[in-house]
Amino acid sequence: ASATGATGPTGPTGETGPTGPTGETGPTGPTGETGPTGETGPTGPTGETGPTGETGPTGPTGETGPTGPTGETGPTGETGPTGETGPTGETGAAATITVGTTTTGAPGSQASVTQTGTEGAVTLDFTIPQGPTGPAGPQGEQGEPGADATITPAAAVADVEGTPTPEEVGTTLNQLLASLRAAGFLAN
């Protein structure tokens, strides 16, 4: 079989032929004429406002609503003026202190002071421990017959002044007893 040759170029498109004429539209029947609209008549006058009707009776009172929450506490008011100074009270009676019993306690025991009575009349009872026995002193010289005895004065002890406390009274009493022992008026 022989080979097919190459396709040749497309020829030019021919001119478009003329469009045929459109057929005629049939005639529409005639519409009847619309009658004329009549004129709008004038608005009539507004009638007078009628009288207000009587007020109806008041309805019953509704139930009381719940109590609202308590409001916050208001600020503290200013401090009022200071009142006048009251009259001075009467002068109280002076307290008295009476020394009651003085007891010698066992050697090495604690000294004690017991307070009895009232605030205005205090009584103090002392318990003072006995001190240890000291060593025997040297033999004294023979006194001359008929000579007057010599008294050795005790050491001075300060007076208690004002209204002393029980401790102050006890201290002063201990000093007095020590002074009397040192002077030989009390046994050790």
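In what follows, the accompanying structure is described. Please read these numbers as outputs of a predicted model, since none were measured by experiment.

1. Details of the sheet that holds strand β1 (residues 96-105)
Read from one edge to the other, the open sheet built from three strands follows the order β1-β3-β2, with strand pairing classed as mixed. Edge positions in the open sheet fall to β1 and β2 (112-117), since each of these has one partner strand only. Put simply, the sheet's adjacent strands are angled 20 degrees from each other on average, direction ignored. Both β2 and strand β3 (residues 121-129) contribute to a ladder of six bridges, which runs antiparallel. Across the sheet, residue T116 finds its bridge partner in β3, namely T123. Where helix α1 (residues 166-182) meets the sheet, its contacts fall on β1, β2 and β3, and the angle it forms with β3 comes to roughly 45 degrees.

2. Let's talk about the nonpolar core
In terms of nonpolar packing, the biggest core is built from seven residues, these being V122, L124, F126, I128, V169, L173 and L177. Every element with two or more residues in this core is listed here: β3 and α1. Per-element accounting of this core gives the leading share, four residues, to β3. Not counting residues up to four positions away in its chain, the partners in contact with V169 are L124, F126 and P164.

3. Description of the environment of T34
Looking at the element boundaries, T34 is found in the segment before β1. Spatially, the C-alpha atoms of T34 and G74 are 87 Å apart, while their sequence positions differ by 40 residues.

4. Overview of α1
Along its 17 residues, α1 runs 24 Å from first to last C-alpha, staying within 8% of the 24 Å computed at 1.5 Å per residue. Along α1, the residues that are buried comprise V169, G170, L173, L177 and S179. Check the buried side of α1 and you find it contacts β1 and β3. G184 sits one or two residues past α1 and shows a positive phi near 90 degrees.

5. Digging into the environment of A3
Mapping A3 onto the fold places it in the segment before β1. By relative accessible area, which is 76% here, A3 ends up exposed. With 182 residues separating them along the chain, A3 and F185 place their C-alpha atoms 178 Å apart.

6. Quick notes on the side chain of S179
Tracing the backbone shows S179 in helix α1. The contacts of S179, once residues within four sequence positions are left out, are A154, A155 and V157.

Conventions adopted
The residue numbers shown here count from 1 along each chain, following its written sequence. In keeping with the model being predicted, local features are shown solely for residues with a pLDDT of at least 70 and side-chain atom pairs are shown and tallied solely at 80 or more, while totals for entire chains, interfaces and linings include all residues. To get the side-chain values, all heavy atoms of the structure are used, and hydrogens and water are removed first. We treat two strands as partners when DSSP finds at least two bridges between them. Helix and strand definitions here come from DSSP, where helices need a minimum of 4 consecutive H or I residues and strands a minimum of 2 consecutive E residues; each element is numbered from the N-terminal end. For helices, the fitted axis covers only the stretch in contact; all axes are lines through C-alpha atoms, and the angles between them, taken along N-to-C directions, range from 0 to 180 degrees. The contact definition used throughout considers only heavy atoms, calling two residues in contact when any of these lie within 4.5 Å. What makes a nonpolar core is a set of buried Ala, Val, Leu, Ile, Met, Phe, Trp, Tyr and Cys residues whose side-chain atoms join them at distances within 4.5 Å. Think of it in three bands: with a 1.4 Å probe and only protein chains considered, a residue is buried below 20% of the maximum accessible area for its type, exposed above 50%, and partly exposed in between. Each residue after the first adds 1.5 Å to the expected span of a helix.

Geometric descriptors of this kind do not, in isolation, establish any biological role.
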